[in-house]
Amino acid sequence: MAASLPPSRPRIPGSGLAKGLAVTLRTMTKKSVTAQYPDAQPDLPPRTRGVIGLFEENCTVCMLCARECPDWCIYIDSHKETVPAATPGGRERSRNVLDRFAIDFSLCMYCGICIEVCPFDALFWSPEFEYAETDIRELTHERDKLREWMWTVPAPPALDPGAEEPKELATARKTADKLAAQQAPPATEPHADEQARAAEQPTRPQGDSKQQTDQPQPDRPKPGDATPDQPKPDQPKPGQEGSE
């Protein structure tokens, strides 16, 4: 069975008016704070949506920002150029060249969709908001004006120390380490160095080796000296002692 709802309390006539008057009385007792603009600039949050800056070098004229804009306030013109082959016998390629990139801020609703869908990070938010004009046609900023707003784009916030390293940085670091390892001279082992030095030395005969020349040679007998097996001339032979 369904649970029964508690009976609703009867509404007191004039309760809503009393609540509104209570808020008014509390506000009247507080001191008002006046922002001294433009003498004192406001302290804006870091992600303030003021104006959009264009980094032209990253734009590939993919037209995603213009297609996704709900107000159709982005105007892009481009043309194609043929790039010659990088190698002999290669195929020529064509690329888009940006001619015009403009944003009509009189129509822009500051939704940020164009910045989110840009796949190459060519659009950025700037906190600058002081670009009011007396003529509405001046609110259409061409690519030169949008490029000037890039100098006012704040730096991205620091990453969390415990966050993972971005994949782009990890891939770039691995590539740099691989190139450094290829350019470094190969480390040779000690026994390989000894073999190389031995191969450079001239070969010697087997009986004339360095080890034999380094060892002390025994004294050779002179022509007048007797060998250990032969008696000296001064001494008589063993058979001649009795005869004398």
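Just so it is clear, the structure is predicted and the values come from calculations on it, not from any experiment.

**Observations concerning the confidence of the model for the chain**
Low pLDDT marks stretches whose predicted atomic positions should not be read closely. The predicted model of the chain has a mean per-residue pLDDT of 80, with 73% of residues at 70 or higher. Confidence scores differ between elements of the chain, with helix α7 (residues 210-214) showing the lowest mean pLDDT of 49 and strand β5 (residues 140-141) the highest of 96. Within the model, pLDDT remains below 50 along residues 208-213, and this stretch shows five contacts once partners closer than five positions in the same chain are excluded.

**What to know about a nonpolar patch on the surface**
On the surface, Tyr37, Leu44 and Phe129 cluster together to form a nonpolar patch covering roughly 260 Å² of accessible area. Within the element layout of this structure, Leu44 appears in the loop between α1 (15-28) and β1 (51-54). On the basis of relative accessibility, which here comes to 32%, the residue Leu44 falls in the partly exposed class.

**Some thoughts on the pairing of strand β3 (residues 93-104)**
Sheet topology note: the strand β2 (residues 74-83)/β3 ladder contains ten bridges and is antiparallel. Each residue of the ladder has a partner; that of Lys80, found in β3, is Asn96.

**Description of the packing of aromatic side chains**
This model, assessed by the stated rule, comprises five aromatic pairs. Ring geometry for Tyr110 against Trp125: centres 6.3 Å apart, planes inclined by 25°, an arrangement best described as stacked. With Tyr110 in the loop between β3 and α3 (113-117) and Trp125 in strand β4 (residues 123-126), this pair connects stretches of sequence that are 15 residues apart. Site record: aromatic cluster; members linked through ring pairs are Phe105, Tyr110, Trp125, Tyr131 and Trp149.

**Details of the pairing of β1**
Here β1 shows a buried face lined by Val51 and Gly53 and a second buried face lined by Ile52 and Leu54. When β1 meets β4, the two strands line up antiparallel, connected through four bridges. Bridge pairing in β4 places Leu54 opposite Leu123.

**Side note on the environment of Val51**
Here Val51 is to be found in strand β1. When the C-alpha atoms of Val51 and Pro127 are compared, they prove to be 6.5 Å apart, with 76 residues separating the residues in sequence. Once residues within four sequence positions are removed from consideration, Val51 is found in contact with Phe105, Phe124, Trp125, Ser126, Glu128, Tyr131, His141 and Trp149.

**Some details on the sheet that holds β2**
Read across the open sheet, the three strands follow the order β2-β3-β5; overall the sheet is antiparallel. In the strand order of this sheet, the two ends are held by β2 and β5, each with one partner.

**Let's talk about the side chain of Thr48**
With respect to the helices and strands, the residue Thr48 is situated in the loop between α1 and β1. When its relative accessible area of 17% is taken as the criterion, Thr48 is described as buried. There is a polar contact of 2.6 Å between the side chain of Thr48 and the backbone oxygen of Pro45. Aside from chain neighbours lying at most four places away, what touches Thr48 is Trp125, Ser126 and Pro127.

**Overview of the nonpolar core**
With 25 residues, the main nonpolar core has Ile52, Ile74, Ile76, Phe101, Ile103, Phe105 and Leu123 as its most contacted residues. With residues up to four places along the chain from it excluded, the contact list for Phe105 reads Val51, Ile52, Tyr110, Tyr131, Leu139, His141 and Leu146.

What counts and what doesn't
Residues numbered from 1 in each chain as written. Predicted model: local features only at pLDDT ≥ 70, side-chain atom pairs only at ≥ 80, totals over all residues. Heavy atoms only, no water. pLDDT = per-residue confidence, 0-100. Helix = DSSP H or I, 4+ residues; strand = E, 2+ residues; numbered from the N terminus. Contact = heavy atoms within 4.5 Å. Patch = residues over 30% accessible without salt bridge, like charges linked within 9 Å, V, L, I, M, F, W, Y side chains within 5 Å. Areas by Shrake-Rupley, 256 points an atom, 1.4 Å probe, with all protein chains shown as cover. Salt bridge = Lys/Arg side-chain N within 4 Å of Asp/Glu carboxyl O. Buried < 20%, exposed > 50% of the residue type's maximum accessible area, 1.4 Å probe, protein only. Pairing = 2+ DSSP bridges. Phe/Tyr/Trp six-rings, centres within 6.5 Å; stacked < 30°, edge-to-face > 60°. Polar contact = N/O pair within 3.5 Å; in protein donor to acceptor, adjacent residues only side chain to side chain. Core = buried A, V, L, I, M, F, W, Y, C linked by side-chain atoms within 4.5 Å.

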